[in-house]
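Letter by letter, the chains look like this.
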Amino acid sequence: MPFELMSGSQAAAVAVQRAGIDLVVAYPITPQTAIVETLANFDARGELGGDFVSVESEYAALACCYGAAAAGARVFTATASHGLAYMHEMIHWCSGARVPIVMANVNRTIGAPWCLDPDQGDSLSQRDTGWLQIYCSGAQEVLDTIIQAFLLSEELLLPCMVVFDGFYISHTYEAVDVPEEDKARAFVGKPSFKAQVRPGSPANMHGLTTGDNQIHLIRERHDAMQRAPGLLKSINSRFMETFERGYDVIDSVIAPGVKTVIMAAGATAETVRWSLPGLNNTGLIQLRMFRPFPCEDLRSVIEAHGVEKVIVIDRNCSTGMGGIFAQELRSAIYEMENPPAVQDIILAGGIDLTYEMLKKIIEQEKTEGHLEQTWGVDLR
Amino acid sequence: MEEMFEFRLHGRGGQGIVVAASIFAEAVFLDGNYARAFSLFGAERRGAPVTAFIRISRDRLMPRSRIYQPDYVVVFDSSLAVETSVAGLKEGGTLLVNAGESEDGNLFINTTRKNNYNIYAVDATEIAWKYKLAIGSFPMVNTVMLGAMASLSGFASLESLTNSIKKRVTARLEANISAVSEGYESVKEVKRLVT
């Protein structure tokens, strides 16, 4: 039976096991604990197919991933919120060192005060660290994206964060089409990137350099990033041939004549997708890839449909400016000939998005005209 | 938008309502509908109020929001706050309470203010004790409640529920399967004593 009822976190773990992994590095934190727990269960049953290491902190987890990836191993870890923040220095180091790593981050608000709701501020605060970031809207997408992420990360030699919402995805049990192990392993293949370190040939890595050298390295990373949208598309077309489903860099649902679209990333995108039939003449752009920001894809879909307004769902807030996805979109469309108006809906603190709120947003425009920024709590 | 049926489960940490929600969702799925189960909790601790949700639809696509206007409210512990539990329950909806002859259970049922939904009770605590389903002095009522939920709603057959339990429950399997059947058989409609 290919369909199984599992949570988003379990789906992430199953993806790692199916893809074929050399090393899982584990340190638990709510709401991602079920990911490493499920992987620990695979390990206990002898089904992981790689090594499983428990470490003493998130910082150590990523340091351990770095070392193994430098030796040519395919590695995975998972974290959330404060765990991700604690990794911060290593997050930079791993992208600078050009090692492939796949890491799941389950969105959870960063304190103070303590809060478990899925604000995206944890992963978005790592925007400029040189990691690829892909946001998923459900358990199936989490599973499929992690499988694809290994190939993307290993080809570009850039670490990749696969991100999804705590509870609304991580703790939601739903039907997931689980790929057979042989089929998934044949799709991903063995890791083919070159090891940076080898036993028997000691080397001093990443020693002191100057800005004049560093700028070339940063430029190479930037260029590699720019290849990501095209590469993910080609990985995805092969995925679609094998598994008969797939996802683009952005996934849009825009009927002919529709001029208003809602842009959302993560779980809220699926709430919008479900709500569309009840929202008069409104479309959806599901933003999947966030780093690199898919400027070209966004501009071309906006231009092709003559989109006049984009309502951005931001389950985050860069205080002093506003929602981060809205900021990024505004930059991407600035040079367009007829850029759409952008309205930013802020669901900071990871608050819930409902169909009723979406209806209010669409109604609001008729009575109040264009609003630049709306706080989610005012829509209840 | 396909029609959806929504359940909200109220219980306390340690009663197994999160597991119950996933077992129910799996049974519903085995019987041909799509179902999702999810939960909200803070720092996990025994005795603290826990809420779980189940959504059922013919369509795989469903919203990822909480459930504010459920068709079914299932109360695993009748000492929980009444108004919070029944908040938003749809007109004509169903309230299922773990309540027997005990004072607490009747109190819960008698203090539900509105009249526009149907109330059912099953003495899950009593049945759980009968099958010695308990952790210490804490009765595990979840499988009994599952039986009652299935028989009231018709979304899951006793057979699928049993199969799902076999997959997800390892301890006291036979006792749990008997508890499900007894919950399925013994749920009954109740009237408020005072109106």
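Here, the structure is the one placed above.
This text gives an overview of the structure that appears in the document. It should be emphasised that the depicted structure is a prediction, and the values quoted were computed from it without experimental measurement.

Reading guide: rules and limits
- Residues numbered from 1 in each chain as written.
- Chains lettered and ligands numbered in written order.
- Predicted model: local features only at pLDDT ≥ 70, side-chain atom pairs only at ≥ 80, totals over all residues.
- Heavy atoms only, no water.
- Pairing = 2+ DSSP bridges.
- Helix = DSSP H or I, 4+ residues; strand = E, 2+ residues; numbered from the N terminus.
- Axes fitted to C-alpha atoms, helices over the stretch in contact; angles between N-to-C directions.
- Phe/Tyr/Trp six-rings, centres within 6.5 Å; stacked < 30°, edge-to-face > 60°.
- Buried < 20%, exposed > 50% of the residue type's maximum accessible area, 1.4 Å probe, protein only.
- Lys NZ or Arg CZ within 6 Å of the ring centre and 35° of its normal.
- Contact = heavy atoms within 4.5 Å.
- Buried area = accessible area lost by both parts, 1.4 Å probe.
- Salt bridge = Lys/Arg side-chain N within 4 Å of Asp/Glu carboxyl O.
- Polar contact = N/O pair within 3.5 Å; in protein donor to acceptor, adjacent residues only side chain to side chain.
- Nonpolar A, V, L, I, M, F, W, Y, C, P; charged D, E, K, R; others polar.

What about the sheet that holds strand E7 (residues 160-165) of chain A?
Residue and element names in this part refer to chain A.
Then step 1. Spatially, E3-E2-E4-E5-E7-E6-E12 is the arrangement adopted by the seven strands of the open sheet, whose pairing is mixed. Each edge of the open sheet is held by one strand with a lone partner, namely strand E3 (51-54) and strand E12 (289-291). Going from strand to strand, the sheet's axes swing by 20° on average, the running direction of each strand aside.
Then step 2. Both strand E6 (residues 132-135) and E12 contribute to a ladder of two bridges, which runs antiparallel. Paired with Ile 134 across the two strands is Met 289, which belongs to E12.

Notes on the packing of aromatic side chains
Then step 1. Summed over all chains, the structure comprises 17 aromatic pairs over all chains.
Then step 2. Between Phe290(A) and Phe325(A), the ring centres sit 5.3 Å apart and the planes meet at 90°, which makes this aromatic pair edge-to-face. Of this pair, Phe290(A) sits in strand E12 while Phe325(A) sits in helix H13 (residues 324-333), placing them 35 residues apart in sequence.
Then step 3. Of the residues examined, Phe325(A) reaches a relative accessible area of 1% and is grouped as buried.
Then step 4. Among the aromatic residues, ring-to-ring pairing joins Phe5(B), Phe7(B), Phe24(B), Tyr72(B) and Phe155(B) into one connected group.
Then step 5. The ring of Phe187(A) carries the charged tip of Arg238(A) above its face, separated from the ring centre by 4.3 Å.

A look at the interface of chain B and chain A
Then step 1. Taken residue by residue, the interface counts 27 residues in chain B and 33 residues in chain A.
Then step 2. Summing both partners gives a buried area of about 2,500 Å² for chain B against chain A, and 60% of it is carried by carbon and sulfur.
Then step 3. When the area that chain B buries against chain A is broken down by residue, the three leading residues are Met1(B), Leu61(B) and Arg64(B), summing to 31%.
Then step 4. Counting across the interface, chain B meets chain A through five salt bridges.
Then step 5. Among the ionic pairs, Glu174(A) bridges to Arg64(B), the shortest N-O distance being 2.9 Å.
Then step 6. Counting the contacts that link chain B with chain A gives 13 residue pairs in polar contact (both at pLDDT 80 or more).
Then step 7. Going through the elements one at a time, helix H1 (17-30), strand E2 (34-40) and helix H6 (158-168) of chain B are the ones with two or more residues in the side of chain B that touches chain A.
Then step 8. Looking at which element gives the most residues to the side of chain B that touches chain A, the answer is E2(B), with six residues.
Then step 9. Partitioning the side of chain B that touches chain A into residue classes produces 14 nonpolar, five polar and eight charged.

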